[in-house]
Amino acid sequence: MLLVSPHMQLRGFAFMGRELKRAGTGSSILSALQDLSVTFWPCRYKMEKHLQVISVLQWVISFMAMGAACTLLLIYMFCTDCWLISAMYTAWLIVDWNTPKRGGRRSSWVRNWTMWTYFRDYFPIRLIKTHNLLPSRNYIFGYHPHGILCFGAFCNFGTEATGFTEKFPGIKPSLATLAGNFRLPVLRDYLMSGGICPVNKNSIDYLLSRNGTGNAVVIVVGGASESLQCAPGLNTVTLKNRKGFVRLALHRGSDLVPVYSFGENDAYKQVIFEEGTYWRTIQKRLQKILGFAPCLFHGCGLFFGNSWGIVPFGNPITTIVGEPITVPKIEDPTEEMVDLYHAMYIRSLQGLFDRYKTRFGLKESDVLYVL
C-alpha cells in the first residue's frame, strides 16, 4: 500500500488547479453559471408578472365584492355560534359610524404595502408633478377622466406607490369615493386605511376647514355619468354642469388643481349604448338608485391575455398634476363668481391636456371634449 504524505497531497492539488486553469475550465464554469442565471431569469420575470396581476385583481375584487360579501358573512354569523363576534363588530360599527366623515383613519403602513408597487408596475402607472404645492394651503384636485375603476386615481392618491408624499412634501391626499362604500363592513376600513373618504359635503368640508392645512381632496368630478362614456381612444370629460366642487373651493378658500390621466380610459373596453336606447335608460335608472353606473365592460382573462375577463389591460396610465388656481375665500359665492372660476378651471384642464397629449401617444389634432 502506497502512503502519500499531506505535503505531497497539497502539491498535487495545486498542480491540478494550474492545469485546469490552463485548460480554460475556470472560464467554462463561470460561463455555465452565467447561463444558469439567464435560464432562471424568465421564471423570475413570470413570477413578477403573476404578482402584478394578483395585486390588481385583489383590488378589483375587493372594490366590487368585498363590501357585499362581508355584509352577507356578518348576517350569516348572527345565525351561528359565532354570533357574539358579529354582535361585537356591529356594535363597534355603530360607534365608529361617523369616522369616515371626520378625516377617516389612514394608515401609512397600508399605503406603503409592497403590493402596491406590483399594482403600479402592472400598467405601469406614473405620477408627474408640474408645479409645487404650498403646505400652508388646502386644495381640491379635480381628477379626469373617471374611467371604469379609477386605477390611476387610486394608485397615485390612495397609496404611496408613485411617491406622492415625496413629490409633494407636506401635502396629504384624500381620494373621495361613493359614500355608500363606507356603510359596508370591512370595506370601509380598507378604504379608510388608504386615506380614502366619502365624496359628500360634510366629509370634504371637514378636511378643508377642521383638519388644518396641507390637505388635498381628490374628486373624480365626472363621476358615474362619465364612466358610461369611457372607452379606449375617447378624450371626453363630464364637466360643464359640474360646479359643486368650485363652489366648495370658494366657500373654503381652497385652491383648484386640474389633474388629467392619460390612459385611464384604456384599462377596459366598454359597450356604450346610444342615448335614448332601452339599455341606456336602464343604466341611468340604476345609476340614480345605486349611486354608480352599471357599465358593461371587459378586460383580459386571468390565464390567457386574448380572452375576456375582469383583469384590466396593461396599458400605461400617466397622471399629470397641473398648476393650482388660487381661489379666494368667499362665504357665500354668487353664481357669477362660481361660473368665473369654473371657466378658469376648464381652460386650465384643456391647456394641461394640450401641453402633454403628444408625449403620450395622442396626435396634435386630438381635442379634449368637455360635456
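Conventions we followed
Residues numbered from 1 in each chain as written. Predicted model: local features only at pLDDT ≥ 70, side-chain atom pairs only at ≥ 80, totals over all residues. Heavy atoms only, no water. Helix = DSSP H or I, 4+ residues; strand = E, 2+ residues; numbered from the N terminus. Buried < 20%, exposed > 50% of the residue type's maximum accessible area, 1.4 Å probe, protein only. Contact = heavy atoms within 4.5 Å. Areas by Shrake-Rupley, 256 points an atom, 1.4 Å probe, with all protein chains shown as cover. Axes fitted to C-alpha atoms, helices over the stretch in contact; angles between N-to-C directions. Parallel < 35°, antiparallel > 145°, perpendicular 65-115°, else oblique. Left-handed = near helix turned anticlockwise from the far one by under 90°. pLDDT = per-residue confidence, 0-100. Core = buried A, V, L, I, M, F, W, Y, C linked by side-chain atoms within 4.5 Å. Pairing = 2+ DSSP bridges. Expected span 1.5 Å × (residues − 1). Arc of directions from axis to C-beta. Patch = residues over 30% accessible without salt bridge, like charges linked within 9 Å, V, L, I, M, F, W, Y side chains within 5 Å. Salt bridge = Lys/Arg side-chain N within 4 Å of Asp/Glu carboxyl O. Lys, Arg positive; Asp, Glu negative; His and termini not counted. Charge placed at Lys NZ, Arg CZ, Asp CG, Glu CD.

Can you explain the overall build of the protein chain? Please cite residues and give values.
A count of helices and strands for the protein chain gives 13 helices and 12 strands. Counting all 371 residues of the protein chain, 43% fall into the buried class. Long-range contacts, defined here as pairs at least 24 residues apart, represent 77% of the contacts in the protein chain between residues at least 6 apart. Of the roughly 20,200 Å² of accessible surface on the protein chain, a fraction of 63% belongs to carbon and sulfur atoms.

Which residues make up the packing of helix α11 (residues 244-252) against helix α13 (residues 335-356), and what values do they have?
Two packed helices can be described by the angle between their axes and the distance between those axes. The interhelical angle for the contact between α11 and α13, taken along N-to-C directions, is 110 degrees, at an axis separation of 9 Å. Regarding the angle of α11 to α13, the classification is roughly perpendicular. Between α11 and α13 lies a crossing of right-handed hand. Across the interface between the two elements, F245, V246, R247 and L250 from α11 touch E335, M337, V338, Y341, H342 and Y345 from α13.

Explain the confidence of the model for the protein chain to me, using residue names and the numbers behind them.
Overall, the predicted model of the protein chain reaches an average pLDDT of 89, with 88% of residues at or above 70. Segment residues 1-26: pLDDT under 50, and 3 contacts once partners within four positions in sequence are set aside and those in other chains are kept.

I'd like a description of the nonpolar core, backed by residues and values.
If you look at the biggest cluster of nonpolar residues, it comprises 53 residues, and the most contacted ones within it are F119, F123, F141, F151, F157 and L175. For this core, the leading source of residues is helix α2 (residues 25-77), giving 7 residues. Setting aside chain neighbours within four positions, we find F157 in contact with R111, F141, Y143, F164, P173, L175, G194, V218, V259 and T319.

Give me unusual backbone geometry: which residues, what numbers.
Residue F123 is joined to P124 through a cis peptide bond whose omega torsion reads -5 degrees. Structurally, P124 is set in the loop between α5 (115-122) and β1 (125-129). For the bond running from H144 to P145, omega is -15 degrees, close enough to zero to count as cis. Relative to the assigned elements, P145 resides in the loop between β2 (139-144) and α6 (151-157). Its identity is not glycine, yet V186 carries a phi of approximately 70 degrees, on the positive side. Looking at the element boundaries, V186 is found in the loop between β3 (172-177) and α8 (187-193).

Any chance you could break down the pairing of strand β7 (residues 255-262) for me, citing the residues and the numbers?
Counting buried positions along β7 yields 8 of 8 residues, so the element is predominantly enclosed. The alternating pattern of β7 places D255, V257, V259 and S261 on one face and L256, P258, Y260 and F262 on the opposite face, and all of these are buried. In this structure, β2 lies alongside β7, joined through 6 bridges in parallel fashion. Its bridge partner lying in β7, Y139 is registered against D255.

Describe in detail the sheet that holds strand β8 (residues 269-270), supporting the description with residues and values.
Pairing is antiparallel across the open sheet formed by 3 strands, whose spatial order is β8-β9-β10. Two strands bound the open sheet, and with one partner strand each, they are β8 and β10 (308-309). Pairing of β8 with strand β9 (residues 297-300) involves 2 bridges; the strand directions are antiparallel. Paired with K269 across the two strands is H298, which belongs to β9.

An account of α13 is requested, with residue identities and associated values reported.
The end-to-end C-alpha distance of α13 is 32 Å, a good match for the 32 Å that 22 residues give at a rise of 1.5 Å each. Those residues of α13 not exposed but buried are V338, Y341, H342, Y345, I346, L349, L352, F353 and Y356. Along the long axis of α13, the arc covered by the buried residues comes to 150 degrees, so they all point the same way. Along α13, the residues that are exposed and aim more than 90 degrees away from the buried face are E336 and R347. Buried-residue contacts for α13 involve β2, β6 (236-237), α11, β7, β11 (317-321) and β12 (369-370).

Account for a nonpolar patch on the surface, naming residues and giving values.
A surface patch of nonpolar side chains, amounting to about 520 Å² of accessible area, comprises L178, V199, L286, I289, L290 and F292. Locating V199 in the fold gives a position in the loop between β4 (197-198) and α9 (201-209). The exposure class assigned to V199 is partly exposed, which follows from its relative accessible area of 37%.

Residues and numbers for the sheet that holds β2, please.
If you walk across this open sheet you meet the 7 strands as β1-β11-β7-β2-β5-β3-β4, and the pairing is mixed. A single partner strand is all that each edge strand has here, and the edge strands are β1 and β4. In this sheet, β11 lies alongside β7 in antiparallel orientation, the contact comprising 4 bridges. Residue pairing in the sheet places S261 in a bridge with T319 of β11.

Describe a positive patch on the surface, and please don't skip the residues or the numbers.
A cluster of like positive charges, contributed by K101, R102, R183 and R210, occupies part of the molecular surface. Relative to the helices and strands, R102 is located in the loop between α3 (83-95) and α4 (108-111).

An account of the pattern of salt bridges is requested, with residue identities and associated values reported.
By the definition in use, this model includes 14 salt bridges. Through salt bridges that share partners, D96, R105, R188 and D189 make up one connected network.

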